[in-house]
Number of protein chains: 2
Amino acid sequence: MSRMDSGEIEAQLAAAVAILEEAGPIALRHFRTSTTVENKAGEHAFDPVTAADREIEAFVRRRLRRDFPDHGILGEEEGFQPGANDACWVLDPIDGTRAFMSGMPAWGMLLGLTLAKRPVAGAMHQPYLGETFAGVRDGEAWFRRGVEQQRLATRATTRLEEAVLYATDPGLFATASELAAFERVSQACLLRRFGGDCYAYCLLALGQVDLVIENQLQPYDIVPLIPILEGAGGVVTGRDGGTAQDGGFVVAAGNRELHARALELLNSD
Amino acid sequence: MSRMDSGEIEAQLAAAVAILEEAGPIALRHFRTSTTVENKAGEHAFDPVTAADREIEAFVRRRLRRDFPDHGILGEEEGFQPGANDACWVLDPIDGTRAFMSGMPAWGMLLGLTLAKRPVAGAMHQPYLGETFAGVRDGEAWFRRGVEQQRLATRATTRLEEAVLYATDPGLFATASELAAFERVSQACLLRRFGGDCYAYCLLALGQVDLVIENQLQPYDIVPLIPILEGAGGVVTGRDGGTAQDGGFVVAAGNRELHARALELLNSD
């Protein structure tokens, strides 16, 4: 299975996109209603889980088991279900639950495919906007809204002084050293914006922003986005320059040069 | 003219909405393209003005002069043009230029009507989402997307511990005292989100968030939103509890009780 050819990967990506788009109406049924929010983390932390997360994950898992009975599934809500081969779907039913809870359409439904733990294809669907972003690691990435489809390509900004940076929330840089590292890059950039969630990576793939720096990510927050970013010409790693797929502190840039400059400044303390 | 009755105000609001919706395609022609960004503030600050801002303002001014030749117009780009009566349109062609520049649809086109300097009607149109929010100060506020229209109503959260707070960027609280005041409220809330721009106030009117606290606003950033917020049952003032229409430090809440609690905590140093 690790030797799945690019045609097979494309076909599986198309299936993933179809499943996410089929699940879109479930999300929309809950969006901007008085959704019941449970508090998964107990009284002192705040990790909201909505009914929408659970329903979407259950739906997507059913579809995946039907279409790919031998693949494993790793999902935010129900954890890891091993498969009979080394292919594994990685699912975040609603990435950006806080955006979802606030009525802001910066959340998305994420589904990615790994082979021998390596992300090879991924998709993000935003049903309120009617947008889908998808990509293949060693191939192309594309964006579709309605009948319009375009190839995704990051932009060529290589200097931090010209770069637009996105991050979800400064609070994610929880230690003084992390915050200082983020601020070094942030202050070197032309513009910094907060509040992106998974949508920020999609804006990077669209060539609308240049850098996304985040922290405290889970694997399912980033794995489905890696092939979209790489298919669009972007570079995404951990803060140490290694793989981003384990989550944690993640740095995504539109190109190798800008990525190297951001990483250098992040690690210059 | 100050004695314009509610029917006349409703009619002028309908005209404002029609003008904004007609201008929507101008904004979309520039959205997510490689828009030329000029730097209005010189080298060391960053106040982007896009071609879209200018084109939209010119278009809306032409329409307003045609339909309301006696009204004044105050707009972000071209300043104040006095009218023959005490009615004045207040226009922000693209509120959230930074969101616009980043490809994030949290920007909006704002147009409000003041009578004797008092905001009486206002509208926000977001053409990428196809959404319009509109309201009358002593009347109702409504939301429309496609053929669906609903009345806007803020929600009843009265405790900060249960409140969702929006702000555009922590950097707007430029002095240590402002930032400390914002942080006091922020830390008392259930959830804090950044990146809202004018859309955050619309989410408040939709009953999706409970508080919006911002700083460094211009009058045209807030005047068109005041009738939407008040028509939806919300309360919006300056930090001192006085009028919000001059901009500066603005506090908007879904109801009087929550607003009082936020103001008290902001001013408790």
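Our subject is the structure that appears above.
Residues numbered from 1 in each chain as written. Chains lettered and ligands numbered in written order. Predicted model: local features only at pLDDT ≥ 70, side-chain atom pairs only at ≥ 80, totals over all residues. Heavy atoms only, no water.

Residue and element names in this part refer to chain A. This model, assessed by the stated rule, comprises 21 aromatic pairs over all chains. Ring geometry for F31 against Y128: centres 5.3 Å apart, planes inclined by 65 degrees, an arrangement best described as edge-to-face. With F31 in the loop between α1 (6-30) and β1 (37-39) and Y128 in the loop between β7 (118-126) and β8 (131-136), this residue pair connects regions lying 97 residues apart in the sequence. Judged by its relative accessible area of 5%, F31 falls in the buried class. A ring pair is formed by F133 and Y199, whose centres lie 6.1 Å apart and whose planes are at 90 degrees; its orientation type is edge-to-face. Here the residue F133 occupies a position in strand β8, and Y199 occupies one in helix α5 (residues 198-205), the gap between them amounting to 66 residues. (Phe/Tyr/Trp six-rings, centres within 6.5 Å; stacked < 30°, edge-to-face > 60°. Helix = DSSP H or I, 4+ residues; strand = E, 2+ residues; numbered from the N terminus. Buried < 20%, exposed > 50% of the residue type's maximum accessible area, 1.4 Å probe, protein only.)

All right, on to the sheet that holds β7 of chain A then. Residue and element names in this part refer to chain A. Strand order in the open sheet made by the eight strands is β4-β3-β5-β6-β7-β8-β9-β10, with mixed pairing throughout. Each of the sheet's edge strands pairs with one partner strand only, and the pair in question is β4 (79-81) and β10 (148-151). Here the strands of the sheet are splayed against their neighbours by 15 degrees on average, with no regard to which way each runs. In terms of strand pairing, β7 meets β8 through six bridges, oriented antiparallel. By the bridge assignment, Q126 is partnered in β8 with E131. Relative to the sheet, α1 contacts β5 (87-95), β6 (108-115), β7, β8 and β9 (141-145), its axis offset from that of β7 by approximately 30 degrees. (Pairing = 2+ DSSP bridges. Axes fitted to C-alpha atoms, helices over the stretch in contact; angles between N-to-C directions. Contact = heavy atoms within 4.5 Å.)

What follows concerns the sheet that holds strand β12 (residues 191-194) of chain B. Residue and element names in this part refer to chain B. Spatial strand order, β12-β11-β13-β15-β14: five strands in an open sheet with mixed pairing. Of all strands in the sheet, those bounded by a partner on one side alone are β12 and β14 (235-238). Taking each pair of neighbouring strands and ignoring which way they run, the sheet shows an average axis angle of 20 degrees. The pairing of strand β13 (residues 211-217) with strand β15 (residues 248-253) spans five bridges and is antiparallel. In the sheet register, E214 faces β15, and the bridge partner there is V250. Across the face of the sheet, helix α5 (residues 198-205) comes into contact with β11 (164-167), β13 and β15 while running at roughly 150 degrees to β13.

Glancing now at the interface of chain B and chain A. Counting residues at the interface gives 35 residues for chain B, matched by 35 residues for chain A. Between chain B and chain A, a total of about 2,900 Å² is buried, with carbon and sulfur atoms accounting for 54% of that surface. Taken together, the connections running from chain B to chain A amount to six salt bridges. Here R32 of chain A ties to E131 of chain B by a salt bridge, and the two come within 3.1 Å at their closest N and O atoms. Where the side of chain B that touches chain A is concerned, the elements lending two or more residues are α3 (97-101), β9 (141-145), β11, β12 and α5 of chain B. (Buried area = accessible area lost by both parts, 1.4 Å probe. Salt bridge = Lys/Arg side-chain N within 4 Å of Asp/Glu carboxyl O.)

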